[in-house]
Amino acid sequence: MEIDKTEQLLNKFDYKFEKKNNQIIVKLDLAQRIIIDFSNPEKIKITDRLVGWNFLTGLIEMSIKNATIYNFIGALVLTIMFVYLDLEYDGINLIFFFLTFILWVILWTTFYLIKAENIKRTLMSWNQ
């Protein structure tokens, strides 16, 4: 994989990207970035980031893997809180809110993962 060839292909297909030193940062929709690090010619490193306002972490910048862990911990906290509230206040059924949160996290995690893996696979096939 070569930095010049990758840059030409990204230009050809009208991707928004930024070149910094030996890195290319591809700017995808919905605050997602793919970082291609060419600093080691033997091993090209491709990572992902969620930046700015996104649907998984809000304003906190992190990778998709860390966002999944972050939301899992949030789901555990919500589970404990909702179980406590259901025991304390009979009649309040918070399962709807919990299931909505879980569905939201699963859908957006899947969306971001598919986009990240798709662009990684495309970059790898372009540079073969």
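Owing to the predicted nature of the structure, the values given are computational and were not obtained by experimental measurement.

Asker: Help me out: how do you make sense of the overall build of the protein in this one?
Answerer: Each helix and strand in the protein was counted, giving 3 helices and 4 strands. Seen in sequence order, the protein has helices and strands lined up from the N terminus as α-β-β-β-β-α-α. Taken over C-alpha atoms, the radius of gyration comes to 19 Å for the protein, far larger than the 14 Å a tight globule of 128 residues would show. Across its three principal directions, the C-alpha atoms of the protein cover 65 × 25 × 25 Å. A buried classification covers 34% of the 128 residues belonging to the protein. At a minimum sequence separation of 6, the contacts of the protein that also span at least 24 residues come to 36%. Of the accessible surface of the protein, which amounts to about 8700 Å², a share of 61% is contributed by carbon and sulfur atoms.

Asker: Would you take a moment to explain the sheet that holds strand β1 (residues 16–20) for this structure?
Answerer: Sheet architecture is open: 4 strands sit in the order β1-β2-β3-β4, paired in antiparallel fashion. Strands with a single pairing partner mark the edges of an open sheet, and in this sheet they are β1 and β4 (45–50). Shown here is a sheet whose adjacent strand axes are inclined to one another by a mean of 20°, direction ignored. Bridge count between strand β3 (residues 32–37) and β4: 6 bridges; the pairing is antiparallel. For Asp37, the partnering residue across the bridge sits in β4 and is Lys45.

Asker: Would you mind showing me how to read the packing of aromatic side chains here?
Answerer: To describe a pair of aromatic rings, you give the distance between the ring centres and the angle between the ring planes. Scanning the model with the defined rule gives 8 aromatic pairs in all. Each ring, one from Phe13 and one from Trp126, has its centre 4.9 Å from the other, and the planes form 10°; the classification is stacked. Taken together, the positions of Phe13 in the loop between α1 (3–12) and β1 and Trp126 in helix α3 (residues 95–126) put the pair 113 residues apart, joining distant regions of the chain. The exposure class assigned to Phe13 is partly exposed, which follows from its relative accessible area of 43%. Taking the centre distance of 6.2 Å and the plane angle of 70° together, the rings of Tyr15 and Trp126 count as edge-to-face. Of this pair, Tyr15 sits in the loop between α1 and β1 while Trp126 is found in helix α3, placing the two residues 111 residues apart along the sequence. Judged by its relative accessible area of 29%, Tyr15 falls in the partly exposed class. Residue classification places Trp126 among the buried residues on the basis of a relative accessible area of 19%.

Asker: What is the right way to read unusual backbone geometry from this model?
Answerer: Generally, phi is negative for residues other than glycine and the peptide bonds are trans, each holding for most cases. The phi torsion at Asn21 lies on the positive side, around 50°, for a residue other than glycine. Classification of Asn21 as exposed rests on a relative accessible area of 74%. Phi is positive for Ala31, close to 60°, though the residue is something other than glycine. Mapped onto the fold, Ala31 is located in the loop between β2 (23–28) and β3.

About the cut-offs
Residues numbered from 1 in each chain as written. Predicted model: local features only at pLDDT ≥ 70, side-chain atom pairs only at ≥ 80, totals over all residues. Heavy atoms only, no water. Helix = DSSP H or I, 4+ residues; strand = E, 2+ residues; numbered from the N terminus. Rg over C-alpha atoms; globule rule 2.2 N^0.38 Å. Buried < 20%, exposed > 50% of the residue type's maximum accessible area, 1.4 Å probe, protein only. Contact = heavy atoms within 4.5 Å. Areas by Shrake-Rupley, 256 points an atom, 1.4 Å probe, with all protein chains shown as cover. Pairing = 2+ DSSP bridges. Axes fitted to C-alpha atoms, helices over the stretch in contact; angles between N-to-C directions. Phe/Tyr/Trp six-rings, centres within 6.5 Å; stacked < 30°, edge-to-face > 60°.

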